[in-house]
Amino acid sequence: MEFSTVGVVGAGVMGVGVAQNLAQTGHRVVLVDVSDDVLDNARHELRQSLRAYALFNKGAGADPQAVFDRIDFTTDYELLAKADFVVENVTEDWGVKQRVYERIDAIVRPEVVFAVNTSAISITRVGSVTSRPDRVVGMHFMNPVPMKPMVEVIRGYHTSPDTIETARRFLGGLGKDCIVVEDVPGFVSNRVLMLTINEAAFLVQDGVAPAKDVDRIFTSCFDHRMGPLETADLIGLDTILKSIEVLHESFADSKYRPAPLLKKMVAAGLLGRKSGQGFHTYR
């Protein structure tokens, strides 16, 4: 296998999903995070996800324990030295991402590609803090990662054609296709989606309609599988807020101003599915 060992940095919701998808397709995974507590939660979430995947995909033939055993959970960044490809999934905070890339750039072999799993942060900016800007590419996975067949791939200013081709081969090994777009804040998906979610939050805040009815408009009238506020809860309202703030800062355009209700909910810890309460309640 060309990418026999893959480093996954960040063991949150997206990192666990990427690690699961990789392990299910036969890759060895080094899943790195700075916190043992986060890694313990990642183990728990992965076991639950594997059980659910086996339940709903009985013909898939993947043994959940064998998949789990292909993942090494660690706080030791030095283990990334054996990675053939790296996918980074840390929080949408430039300061955090910058420190991560400065650290892993000194550890990972020079020829290895870095894939930035981000919803809004500039791929060109990430590449600028590494010694390999031509081998840095955006790779915006959708949640839940194992179930989504398409990935938004972002070409930074210095990203080489060889790196784009490497990204295609890597995603092909995960059973996924990709659409390549250019590097502007929010790219295509989140430049549209975050505005939609933010405006839906304003509708609830302004008393135009409750969250359930806002979502029903989209599911019943437009045949969307989920409404914008359900989607926000699935992604995590803290991630949504960070993404909107990045767009607001990047474009200096008031249309991206975060809804005060969204900021209030995040401050209150109402983060969506992962906290049990967001715009909707989860049990």
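Residues numbered from 1 in each chain as written. Predicted model: local features only at pLDDT ≥ 70, side-chain atom pairs only at ≥ 80, totals over all residues. Heavy atoms only, no water.

A. Here's a closer look at the overall build of the chain. When its secondary structure is counted, the chain shows 11 helices and eight strands. Computed over its C-alpha atoms, the radius of gyration of the chain comes to 19 Å, within 12% of the 19 Å expected for a compact globule of 283 residues. Excluding contacts between residues fewer than 6 apart, the proportion of contacts in the chain whose partners are at least 24 apart in sequence is 67%. In the form shown here, the chain has an accessible surface area of approximately 13200 Å², with 52% of it arising from carbon and sulfur atoms. (Helix = DSSP H or I, 4+ residues; strand = E, 2+ residues; numbered from the N terminus. Rg over C-alpha atoms; globule rule 2.2 N^0.38 Å. Contact = heavy atoms within 4.5 Å. Areas by Shrake-Rupley, 256 points an atom, 1.4 Å probe, with all protein chains shown as cover.)

B. Looking closely at the packing of helix α7 (residues 189-205) against helix α8 (residues 211-221). Packing of α7 against α8 leaves a shortest axis separation of 9 Å and a crossing angle of 135°. As summarised for this structure, α7 and α8 are arranged oblique, according to the angle between their axes. Once α7 is placed against α8, the crossing between them reads as right-handed. Contacts between α7 and α8 involve T196, A200, L203 and V204 from the first element and A211, V214 and F218 from the second. In terms of residue class, the contact of α7 with α8 is made up of six nonpolar, one polar and no charged. (Axes fitted to C-alpha atoms, helices over the stretch in contact; angles between N-to-C directions. Parallel < 35°, antiparallel > 145°, perpendicular 65-115°, else oblique. Left-handed = near helix turned anticlockwise from the far one by under 90°. Nonpolar A, V, L, I, M, F, W, Y, C, P; charged D, E, K, R; others polar.)

C. Structural view of the sheet that holds strand β8 (residues 177-182). As summarised here, the arrangement of the eight strands in space is β3-β2-β1-β4-β5-β6-β7-β8, forming an open sheet in which the pairing is mixed. At either margin of the open sheet sits one strand with a lone partner, and together these are β3 (71-74) and β8. Averaged over all pairs of adjacent strands, the angle between strand axes in this sheet comes to 25°, irrespective of strand direction. Contacting β1 (5-9), β4 (85-88), β6 (136-140), β7 (150-155) and β8, helix α6 (residues 161-172) runs over the sheet at an angle of about 35° to β6. (Pairing = 2+ DSSP bridges.)

D. Broad picture of the nonpolar core. Counting 35 residues, the largest nonpolar core has L31, F85, M139, F141 and F170 as its most contacted members. Per-element accounting of this core gives the leading share, five residues, to helix α1 (residues 13-24). Discounting residues that sit within four places of it in the chain, L31 has contacts with V8, G10, A11, G15, A19, L39, A42, I71, D72, F73 and T74. Listed in part, the 27 residues of the second largest apolar core include A83, I107, V108 and I123. (Core = buried A, V, L, I, M, F, W, Y, C linked by side-chain atoms within 4.5 Å. Buried < 20%, exposed > 50% of the residue type's maximum accessible area, 1.4 Å probe, protein only.)

E. Structural detail: the pairing of β1. β1 sits mainly inside the fold: five of its five residues count as buried. Of the two faces of β1, the one lined by T5, G7 and V9 and the one lined by V6 and V8 are each fully buried. Sheet analysis places β1 next to strand β2 (residues 28-32), joined by five bridges and oriented parallel. Looking at β2, one finds that G7 is bridged to V30. Chirality of the crossover, the property in question, places the unit of β1, α1 and β2 among those that are right-handed. One ladder, built from four bridges, connects β1 with β4; its direction is parallel. Its bridge partner lying in β4, G7 is registered against V86. (Right-handed = clockwise from strand over helix to strand, strands pointing away.)

F. Up close: the pattern of salt bridges. Evaluation of the coordinates by the stated rule reveals 13 salt bridges. Between D134 and R135 there is a salt bridge, and its shortest N-O distance comes to 2.8 Å. For D134, a relative accessible area of 26% translates into the label partly exposed. Across the pair D213 and K212 runs a salt bridge whose closest N-O atoms are separated by 3.4 Å. The partly exposed category is assigned to D213, whose relative accessible area is 25%. Residues participating in the shared-partner salt-bridge network are D84, R109 and E111. (Salt bridge = Lys/Arg side-chain N within 4 Å of Asp/Glu carboxyl O.)

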